[in-house]
Amino acid sequence: MSDTVIDARGLKCPLPVLKLEKVLAGTSAGESIAVLANDPVARIDIPLYCQLQGHGLEMHDEKTFIRFVVTKVPDPESAG
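Residues numbered from 1 in each chain as written. Predicted model: local features only at pLDDT ≥ 70, side-chain atom pairs only at ≥ 80, totals over all residues. Heavy atoms only, no water.

A. The arrangement of the overall build of the protein in detail. Counting its secondary structure elements, the protein contains two helices and four strands. A globule of 80 residues ought to have a C-alpha radius of gyration of about 12 Å, and the protein, at 12 Å, matches this closely. Each principal axis of the C-alpha distribution contributes one length, and for the protein these read about 40 × 25 × 15 Å. A buried classification covers 32% of the 80 residues belonging to the protein. Look at the contacts in the protein between residues 6 or more apart in sequence, and 63% of them connect residues 24 or more apart. (Helix = DSSP H or I, 4+ residues; strand = E, 2+ residues; numbered from the N terminus. Rg over C-alpha atoms; globule rule 2.2 N^0.38 Å. Buried < 20%, exposed > 50% of the residue type's maximum accessible area, 1.4 Å probe, protein only. Contact = heavy atoms within 4.5 Å.)

B. Quick peek at the side chain of Ser32. Structurally, Ser32 is set in strand E2 (residues 32-37). By relative accessible area, Ser32 is classed as buried at 13%. Here Thr71 takes part through its side chain, which lies 3.2 Å from a polar atom of the side chain of Ser32. (Polar contact = N/O pair within 3.5 Å; in protein donor to acceptor, adjacent residues only side chain to side chain.)

C. Spatial organisation of the pairing of E2. In terms of burial, E2 is largely enclosed, as six of its six residues are buried. By the alternation rule, side chains of E2 split into Ser32, Ala34 and Leu36 and Ile33, Val35 and Ala37, which are all buried. Between the parallel pair strand E1 (residues 4-7) and E2, the chain is carried across by helix H1 (residues 15-25), and the sense of this crossover is right-handed. Relative to strand E4 (residues 66-71), E2 is paired through six bridges, and the arrangement is antiparallel. Across the sheet, Ala37 pairs through a bridge with Ile66, a residue of E4. (Right-handed = clockwise from strand over helix to strand, strands pointing away. Pairing = 2+ DSSP bridges.)

D. Structural context of the environment of Ala37. Position of Ala37 among the secondary structure elements: in strand E2. Not counting the four nearest positions on each side in its chain, Ala37 is found in contact with Ala8, Arg9, Ala42, Phe65, Ile66 and Phe68.

E. A look at the packing of aromatic side chains. Counted according to the given criterion, the structure contains zero aromatic pairs. Looking at Arg9, its charged tip hangs above the ring of Phe65, at a distance of 4.8 Å from the centre. (Phe/Tyr/Trp six-rings, centres within 6.5 Å; stacked < 30°, edge-to-face > 60°. Lys NZ or Arg CZ within 6 Å of the ring centre and 35° of its normal.)

F. Quick peek at the nonpolar core. Among the nonpolar cores identified, the biggest contains 16 residues, and Leu20, Val35, Ile46 and Phe68 are the most heavily contacted of them. Contributions of two or more residues to this core are made by H1, E2, helix H2 (42-53) and E4. Take this core: its biggest share by element is four residues, from H2. With sequence-adjacent residues up to four places away left out, Ile46 is seen in contact with Pro16, Val17, Leu20, Val35, Leu57 and Phe68. (Core = buried A, V, L, I, M, F, W, Y, C linked by side-chain atoms within 4.5 Å.)

Right, dumping it as structure tokens:
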């Protein structure tokens, strides 16, 4: 289960990714964030963002949107 939900349905990319990035900045490592998006480009942008940043990702196709569950990894600066 996700700790936070971002409802980005109706928003065009890159807005879902930008909202995710903003929430991740205030989230602790290990916490999960669900992003609900129905822009087809989010299927590319969110996984790419997670891959580049090293965050965990699960994708679930719902009837009218995609649920992305992102798990934050520790920041490199705090990994000591």
